[in-house]
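Below are the chains, spelled out letter by letter.
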Amino acid sequence: MVHLITSNTAIKFLRFNTSRLKAFSTAMMEKPEVLMTRCDIAPNVLEELKSRCKLTLWNKESAASRTFLLENIPGKSGIFCFLTDKIDKELLDTAGPNLKVVSTFSVGYDHIDVKECQQRNIKIGYTPDVLTEATAELTLGLLLCTSRRLIEAHEEARTGGWTTWSPSWMTGPGLGESTVGIVGFGRIGQSVALKVKAFNAKNILYFNRSEKQNEAKITGAVKVSFEELLKQSDFIICCCALTKETQNMFNIESFAKMKRTAVFINTSRGGLVDQNALVDALENGTIRAAGLDVTVPEPLPLDHRLFKMSNCTILPHIGSATIEARTAMAKLTLDNLMNALEDKPMPAQLKL
Ligand code: DGY
């Protein structure tokens, strides 16, 4: 009798575990293969990704090497990538026909060869909206830091240059009553306009491919030509995407058209600026000052001439670096990726 019970239990036990094992191996087999090129994102998002995919992960807090990308992309269905990864023809060719989606943890997509993806029917996910406020906020911070010389002033205070209060020392142009020109009037440009308006700017001008009448209403921003914007603005803020058309649009001619008192701010992409022309413009007094959150290359070499100029503020590409924005970007990149892999609509698919 005892013997019978024992063998029945054993059979039940075996059956139960065999079916669990089967379910587990089926789930493993069905999990899509994904390449992820960084590990330092919101831990809960990384955990979710690990549980839903067979993940090949660059397990370091640095940009993945090109060799890692090329060695690990073959056969993958998806890639969770960052603006530090070049998703070009070579990589897509190496990936092979399984690749369904490139999901980037960024709103910018100049690191992705969009045409090559389109030709292969590879979907692209990106992260608009969730970083708009963070980036616009940083843009205003950088503008004030540059125009009101905050870094220089802090350095003076720290190193003994602050000997007495002085009426003209450390002065810079105010934003109130000024004319502000915004190049690129998308989500971030519009949010910058709102913030600039709160600082009592007198005129807000914008240059954009299309007219944004409704979006401009609330701030009273006026569409002008690029040339007009350069000539009239006290502050010129660059908020547009890097494309073949916009590459080096701030060059020797553009700086020459600006006021000698102009302050130039770029939180978009370094490639929009001819950096040598900017160095000359700052050195020769063609313009007053510049604030850059983006450069070419990134990071900018420590011995670069821009670092030696007191009228240039440089930040290490931190436009979207609020905790909230980066967490939301991680989640949106995950959702874009998983939805595309599961043939569901992506929350933010790049459609050009
Ligand atoms: C982007 O998303 O493109 C920004 O440059 C970094 O967050």
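Residues numbered from 1 in each chain as written. Predicted model: local features only at pLDDT ≥ 70, side-chain atom pairs only at ≥ 80, totals over all residues. Heavy atoms only, no water.

## Digging into helix α6 (residues 132–147)
Think of an α-helix as 3.6 residues a turn; residues three or four steps apart then line up on the same face. Given a rise of 1.5 Å per residue, 16 residues ought to cover 22 Å, and the 23 Å separating the end C-alpha atoms of α6 matches this to within 8%. Taken across its 16 residues, α6 has twelve buried, putting it largely inside the fold. All of the buried residues along α6 are Thr132, Ala134, Thr135, Ala136, Leu138, Thr139, Leu140, Leu142, Leu143, Cys145, Thr146 and Ser147. Note on α6: the residue one or two positions beyond its end, arginine 149, has a positive phi of about 55°. (Helix = DSSP H or I, 4+ residues; strand = E, 2+ residues; numbered from the N terminus. Expected span 1.5 Å × (residues − 1). Buried < 20%, exposed > 50% of the residue type's maximum accessible area, 1.4 Å probe, protein only.)

## Some words on the confidence of the model for the protein chain
Low pLDDT means the predicted coordinates in that region are not meant to be read closely. For the protein chain, the mean per-residue pLDDT works out to 94, and 92% of the residues sit at or above 70. Here helix α1 (residues 2–30) stands out as the element of the protein chain with the lowest mean pLDDT, 54, in contrast to strand β10 (residues 263–266), whose mean of 99 is the highest. (pLDDT = per-residue confidence, 0-100.)

## Regarding the domain arrangement of the protein chain
Examined at the domain level, the protein chain breaks down into domain 1 (7–130 + 325–341) and domain 2 (132–314). For domain 1 and domain 2, the distance between their C-alpha centres works out to 37 Å. Listed as interface residues are nine residues of domain 1 and, on the opposing side, five residues of domain 2. Taken over both partners, the interface formed by domain 1 and domain 2 buries close to 620 Å², and the fraction arising from carbon and sulfur atoms is 46%. For the domain 1 face of the interface with domain 2, the top three residues by lost area are Leu83, Asp110 and Asp129, together amounting to 57%. Along the contact surface separating domain 1 from domain 2 lie two salt bridges. Applying the counting criterion to the domain 1 and domain 2 interface returns two residue pairs in polar contact (both at pLDDT 80 or more). Partitioning the side of domain 1 that touches domain 2 into residue classes produces six nonpolar, one polar and two charged. (Domains from an automatic or database assignment. Contact = heavy atoms within 4.5 Å. Buried area = accessible area lost by both parts, 1.4 Å probe. Salt bridge = Lys/Arg side-chain N within 4 Å of Asp/Glu carboxyl O. Polar contact = N/O pair within 3.5 Å; in protein donor to acceptor, adjacent residues only side chain to side chain. Nonpolar A, V, L, I, M, F, W, Y, C, P; charged D, E, K, R; others polar.)

## Quick word on the pattern of salt bridges
Considering all chains together, one arrives at 24 salt bridges under this definition. Among the salt bridges present, the one from glutamate 33 reaches lysine 76, with a minimum N-O distance of 3.9 Å. One end of the pair, glutamate 33, is in strand β1 (residues 33–36); the other, lysine 76, is in the loop between α3 (66–72) and β3 (78–81), with 43 residues separating them in the sequence. By relative accessible area, lysine 76 is classed as buried at 6%. Among the salt bridges present, the one from arginine 187 reaches aspartate 129, with a minimum N-O distance of 3.8 Å. Here arginine 187, found in helix α8 (residues 187–198), pairs with aspartate 129, found in the loop between β5 (123–125) and α6; they are 58 residues apart in sequence, far enough to count as distant. By relative accessible area, arginine 187 is classed as partly exposed at 40%. One network of salt bridges, in which partners are shared, links Glu48, Arg52, Glu342 and Lys344.

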